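Residue-level structural notes
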Amino acid sequence: MTEDPYEDLKISKGAVVKPRTTLVNKTGSWRSEKPIIDHEKCIACGNCEKFCPDMAVKETEEGKFEIDLEYCKGCGICAEECPVKAIIMEEEEK
Amino acid sequence: MTEDKFKHEEDLFCSGHRACPGCGAALTSKLVTEATGPQTILSMPTGCMEVTTTPYPESAWGISWIHNIFENSAAVAGGIETAYRSFDKRNKEGYMNHEDVNFVVLAGDGATFDIGIRSLSGMMERGHDVLYICYDNEAYMNTGIQRSSSTPIGAATTTSPAGKESFGEDVHKKDMPSIAAAHGLEYVATASVAYPEDFKKKVEKALEIEGPKYIQIFAPCPRGWRHESKNSIEIARLVVETGLYPIFEMENGKITNVKKLKDRKPVEEYLKVQGRFKHLFEKEGGEEVLEELQKIADSNAEKIGIDKE
Ligand SMILES: Cc1ncc(C[n+]2csc(CCOP(=O)(O)OP(=O)(O)O)c2C)c(N)n1
Ligand code: SF4
Ligand code: SF4
Ligand SMILES: [Mg+2]
């Protein structure tokens, strides 16, 4: 029988890292302005969550959209894309 | 301290990456993972997304992800797909059936239009079951905003600067979707980050098709285009609403679906909010380039059929 050359083939590994590990990096420290949601005005459309490039807007168990300031970079997209202007950007204190 | 109410553990593309605030490519990455789901192997060449999402020893990805050199992400994805077919044939244990795995490339415009075009062409020609997605930010951003063959007429980059004699880029943007379609692809589409549901639907549809597929998504870069980070989505909407970046589906070489516009906006509305086009409004002679850009939008509208009657 011919030997299967692939049987013990070892593929050399490059650098292998664990998934989701950028979560250790708290990008909230980058922010110069912070978004504040007015929950009275919010209609829970989810635009802020949909467009956030930093996965910093999350729907909580109570169905409210809230911002995780540990990661929010303050880009302002959520405020801009909110159809009822329920999000304002407030300057961060130094 | 992370409050418990914020759940990041299930995300397939995670917070903490180093992309600039408001980065359209980072938003694209999130949308890609939402559409493909976890059974995906993503191959990514060098570029902003690779650099900002995997600073060693971290990774923002919750799906299988492999970095390769600039030139060969399509070849690597094709190789992985072929390996999975071979595992199936030999009933190799520990590997899923190749039909249950999504083989995807996510690459920048430099990697796609210029440096990796040869391996992309080969992958398409050989007919691998790979979805190739290009996030198009219209220049080589990660190395400092050099022009690529995706850079549009009139855009200032560090290698196509606006100056006394120059109005920025003076060569037309390469028509990459048509090049992909000319390889006989069953499915080619364009998209914009301003329309996430549309993009995700296109990704899902493409993944249903066996063989090579190409999707190109417009992804603003606030750093390279010199605009405020909050305007990324607005700009991605305006480029479509002016006709400068039509979003469509092309099946077997024929356009089958186009986002139609009722009142196409003048191109100035899109251009004036970006620093990379600033000179067109300030410098004598800029009007001619503006006219040329309007002509491009008009010709897109006619060719692709954007205008609603
Ligand atoms: C063969 C080769 N040439 C040049 C580089 C340097 N380089 C790294 S990233 C990059 C820019 C990538 O541009 P693009 O593909 O458009 O992605 P973006 O950074 O814009 O997201 C360049 C030129 C490289 N890594 N390899
Ligand atoms: S400001 Fe930007 S990063 Fe912060 S939550 Fe809004 S969209 Fe996300
Ligand atoms: S330079 Fe542009 S593409 Fe690169 S991370 Fe920043 S915004 Fe994104
Ligand atoms: Mg680029």
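Predicted, not measured: the structure shown is a model, and the values here were computed from it. (Residues numbered from 1 in each chain as written. Chains lettered and ligands numbered in written order. Predicted model: local features only at pLDDT ≥ 70, side-chain atom pairs only at ≥ 80, totals over all residues. Heavy atoms only, no water.)

A look at the coordination of the magnesium ion (ligand 4)
Residue and element names in this part refer to chain B. Coordination of the magnesium ion (ligand 4) by the protein involves Asp109 (OD), Asn137 (OD1) and Ala139 (O), with metal-donor separations of 2.0 to 2.2 Å. Sequence positions of the residues that donate to the magnesium ion (ligand 4) give the spacing D-x27-N-x1-A. Here Asn137 lies in the loop between strand E4 (131–136) and helix H6 (176–181) and Asp109 lies in helix H4 (residues 109–115), a separation of 28 residues in the sequence. Among the residues examined, Asp109 registers a relative accessible area of 1% and is labelled buried. With a relative accessible area of 6%, Asn137 lands in the buried category. (Donors = N, O, S within 2.8 Å, 3.2 Å for Na, K, Ca; no water. Helix = DSSP H or I, 4+ residues; strand = E, 2+ residues; numbered from the N terminus. Buried < 20%, exposed > 50% of the residue type's maximum accessible area, 1.4 Å probe, protein only.)

Quick notes on the site of ligand 3
Near ligand 3 the following residues occur: Ala19(B), Cys20(B), Cys23(B), Cys48(B), Asn137(B), Cys221(B), Pro222(B) and Arg223(B). A class-by-class count of the residues in the shell around ligand 3 yields 6 nonpolar, 1 polar and 1 charged. (Near = heavy atom within 4 Å. Nonpolar A, V, L, I, M, F, W, Y, C, P; charged D, E, K, R; others polar.)

Some thoughts on the site of ligand 1
Residues and elements named next belong to chain B. The environment of ligand 1 is formed by 16 residues, the closest being Cys48, Gly110, Ala111, Tyr135 and Asn142. Between ligand 1 and Tyr135 there is a distance of 2.7 Å, counted from an oxygen atom to a side-chain nitrogen or oxygen. Between ligand 1 and Asn137, the relevant distance is 3.0 Å, taken from an oxygen atom to a side-chain nitrogen or oxygen of the residue. For ligand 1, the accessible surface in isolation is 590 Å², of which the surrounding protein chains cover 76%. Looking at the shell around ligand 1 residue by residue, the class counts come to 7 nonpolar, 7 polar and 2 charged. (Polar contact = N/O pair within 3.5 Å; in protein donor to acceptor, adjacent residues only side chain to side chain. Areas by Shrake-Rupley, 256 points an atom, 1.4 Å probe, with all protein chains shown as cover.)

Overview of the nonpolar core
Residue and element names in this part refer to chain B. Counting residues in hydrophobic clusters, the biggest one holds 64 residues, and the most contacted among them are Ile133, Phe199, Ile215 and Tyr270. The residues contacting Ile215, other than those within four sequence positions of it, are Leu131, Tyr132, Ile133, Cys134, Tyr187, Ala189, Phe199, Lys202, Val203 and Ala206. By size, the runner-up hydrophobic cluster in this structure holds 29 residues, among which are Val105, Met176, Ala181 and Ile304. (Core = buried A, V, L, I, M, F, W, Y, C linked by side-chain atoms within 4.5 Å. Contact = heavy atoms within 4.5 Å.)

Description of the confidence of the model for chain B
When pLDDT is averaged along chain B, the result is 97; 99% of the residues meet or exceed 70. The ipTM, which scores confidence in the relative placement of chains, is 0.96 for this predicted complex, and the corresponding pTM is 0.96. (pLDDT = per-residue confidence, 0-100.)

Notes on the side chain of Ser43(B)
Residue and element names in this part refer to chain B. Locating Ser43 in the fold gives a position in strand E1 (residues 40–44). A polar atom in the side chain of Ser43 sits 3.0 Å from the backbone oxygen of Ser73. Sequence-distant contacts of Ser43, defined by excluding residues within four places in its chain, comprise Ile66, Asn68, Ser73, Val76, Ala77, Val104, Val105 and Leu106.

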